[in-house]
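Coordinate inspection notes
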Amino acid sequence: PDAAASPPVGEVEQFLLEEALQPFADGVAAGRLHEVETVSRHVEISLGALLLRQNLKLAELVAQHQRGETAPLLAANLKQAEDRVEELTGRLERRRAELAQERHCLIGGVEHVGRALVLPHPERGSPAVAPMIRDETVERIAVDAVIAYEEARGWRVESVESENRGFDLISRRPHPEDPATSIAVRFIEVKGRAATGDVALTANEYQTAERLKGDYWLYVVFNCGTTPEVHTIQNPARLDWKPVLAIEHYRLAASGLEV
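Fair warning: this is a prediction, and the values are worked out from it, not measured in the lab. (Residues numbered from 1 in each chain as written. Predicted model: local features only at pLDDT ≥ 70, side-chain atom pairs only at ≥ 80, totals over all residues. Heavy atoms only, no water.)

Attention now moves to the overall build of the chain. If you tally the helices and strands in the chain, you get 4 helices and 5 strands. Along its sequence from the N terminus, the chain presents helices and strands in the succession α-α-α-β-β-β-α-β-β. When contacts within the chain are restricted to residue pairs at least 6 apart in sequence, those whose partners lie at least 24 apart make up 55%. Accessible area of the chain: about 18,300 Å², with a carbon and sulfur share of 55%. (Helix = DSSP H or I, 4+ residues; strand = E, 2+ residues; numbered from the N terminus. Contact = heavy atoms within 4.5 Å. Areas by Shrake-Rupley, 256 points an atom, 1.4 Å probe, with all protein chains shown as cover.)

Given below as structure tokens:
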């Protein structure tokens, strides 16, 4: 956008820090803290065991020396044991210091590269586009309705909604004599509508439907705003879907620049 119409760079960076970078850093720090604590426990156990063993050996050599024993290698062994204890102690202190540093997670400097102004689709309120906009409340109602539908049939349902696998649910029919074994499976993509309307599949969903064929099911739930109605379609890739294409960019050859 025109720089004059954009917020000042300082405001953009402040928003970025507060709304994106700091929450991200907090999440990374929490995960790192767990990892560091796990490593710290193993370091203390492993190096602690080595130190204990070496200290016991050193104590025995010191006791021999104090008793006046004159074994030929006693002095050399005593010096070697002392050096080994010192080495292990140093290793433990260094690892403790390194792990203490790894607990910290800080945000570095932010460099302004560029900005883009993202606006709502200009036709998002039109009859053709409005029904296709994802409504999280409607989708949740639809998924819950499908899970209830499958469980009422005696099938076990697993949600994979967060894994971007091209479908939302895996439904398995248990063996009547061995519930831990499945004798049939459905890979279910759920689409919900507040009332009724057109249904769209993403490229990933459509390609997954083509690959899984009869094992892939499309469950369309109409009237999520009132009383949900579940409609099931096996192998939806066989239906007459209309591809919707968007222009990604325009290209002009170098020769076209000549006037």
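This paragraph deals with the pairing of strand β5 (residues 229-234). Bridge count for strand β4 (residues 216-222) against β5 is 6 bridges, and the pairing is antiparallel. Across the sheet, residue Tyr219 finds its bridge partner in β5, namely Thr232. In this antiparallel pair of consecutive strands, β4 and β5, the connection spans 6 residues, and Asn223 shows a positive phi of 60 degrees. (Pairing = 2+ DSSP bridges.)

Moving on: the side chain of Ser171. Inspection of the secondary structure assignment puts Ser171 in strand β2 (residues 169-174). Looking at Ser171, its side chain comes within polar contact range of the side chain of Glu150, at 2.6 Å. Here Ser171 is in contact with Glu150, Trp155, Arg156, Val157, Ala184, Val185, Arg186 and Ile188, once residues within four sequence places are set aside. (Polar contact = N/O pair within 3.5 Å; in protein donor to acceptor, adjacent residues only side chain to side chain.)

With that out of the way, let us pick up the sheet that holds strand β1 (residues 156-159). The pairing of strands in a sheet happens through backbone hydrogen bonds and is either parallel or antiparallel. Here we have 5 strands laid out as an open sheet, ordered β1-β2-β3-β4-β5, and mixed in their pairing. Strands with a single pairing partner mark the edges of an open sheet, and in this sheet they are β1 and β5. Between one strand and the next, the sheet's axes are offset by a mean angle of 30 degrees, whatever the strand orientation. Here β2 runs beside strand β3 (residues 182-192); their pairing, made up of 6 bridges, is antiparallel. Counted as the bridge partner of Ile170 is Phe187 from β3. (Axes fitted to C-alpha atoms, helices over the stretch in contact; angles between N-to-C directions.)

Moving on: unusual backbone geometry. Within the chain, Asn164 stands out as a residue other than glycine whose phi angle is a positive 50 degrees. Relative to the helices and strands, Asn164 is located in the loop between β1 and β2. Relative accessible area serves as the criterion here: at 64%, Asn164 is assigned to the exposed category. The phi torsion at Asn223 lies on the positive side, around 60 degrees, for a residue other than glycine. (Buried < 20%, exposed > 50% of the residue type's maximum accessible area, 1.4 Å probe, protein only.)

In this section: the environment of Arg153. Inspection of the secondary structure assignment puts Arg153 in the loop between α3 (136-152) and β1. Not counting chain neighbours up to four residues away, the residues in contact with Arg153 comprise Arg186 and Tyr219.

Quick look at the environment of Lys242 now. Here Lys242 is to be found in the segment after β5. For Lys242, a relative accessible area of 62% corresponds to the exposed category. Sequence separation of Lys242 and Ala200 is 42 residues, and the distance between their C-alpha atoms is 9.2 Å. A polar contact is formed between the side chain of Lys242 and the side chain of Asp240, at a distance of 3.2 Å.

This next bit is on the packing of aromatic side chains. Going through the model one piece at a time under the given rule, you end up with 3 aromatic pairs. Ring plane angle 85 degrees and centroid distance 5.9 Å describe the contact between Tyr149 and Tyr219, whose orientation is recorded as edge-to-face. Note that Tyr149 is positioned in helix α3 and Tyr219 in strand β4, a separation of 70 residues in sequence. Tyr219 sits in the buried class, given a relative accessible area of 0%. Between Trp217 and Tyr219, the ring centres sit 6.4 Å apart and the planes meet at 70 degrees, which makes this aromatic pair edge-to-face. The pair formed by Trp217 and Tyr219 is uniform in burial state, with each residue classed as buried. Arg153 extends its terminal NZ or CZ atom over the ring of Trp155, reaching a point 4.3 Å from the ring centre. Directly above the aromatic system of Trp217 lies the positively charged group of Arg186, at a separation of 3.5 Å from the ring centroid. (Phe/Tyr/Trp six-rings, centres within 6.5 Å; stacked < 30°, edge-to-face > 60°. Lys NZ or Arg CZ within 6 Å of the ring centre and 35° of its normal.)

The next thing to look at is the environment of Cys224. Checked against the element boundaries, Cys224 lands in the loop between β4 and β5. Owing to a relative accessible area of 5%, Cys224 belongs among the buried residues under this scheme. For Cys224, the residues in contact, after removing those within four places along its chain, are Val138, Ile141, Ala142, Gly192, Arg193 and Ala194.

So, on to helix α4 (residues 203-212). Residues lying three or four places apart along an α-helix face the same way, a consequence of the helix completing one turn every 3.6 residues. Buried within α4 are the following residues: Glu205, Thr208, Ala209 and Leu212. Considered in projection along α4, the buried side chains sweep an arc of 105 degrees and stay on one side of the axis. Facing away from the buried side of α4, by more than 90 degrees, are the exposed residues Ala203, Gln207 and Arg211. Tucked into the core, α4 has its buried residues touching β3 and β4. A positive backbone phi angle near 50 degrees is found at Lys213, which sits one or two residues after α4. (Arc of directions from axis to C-beta.)

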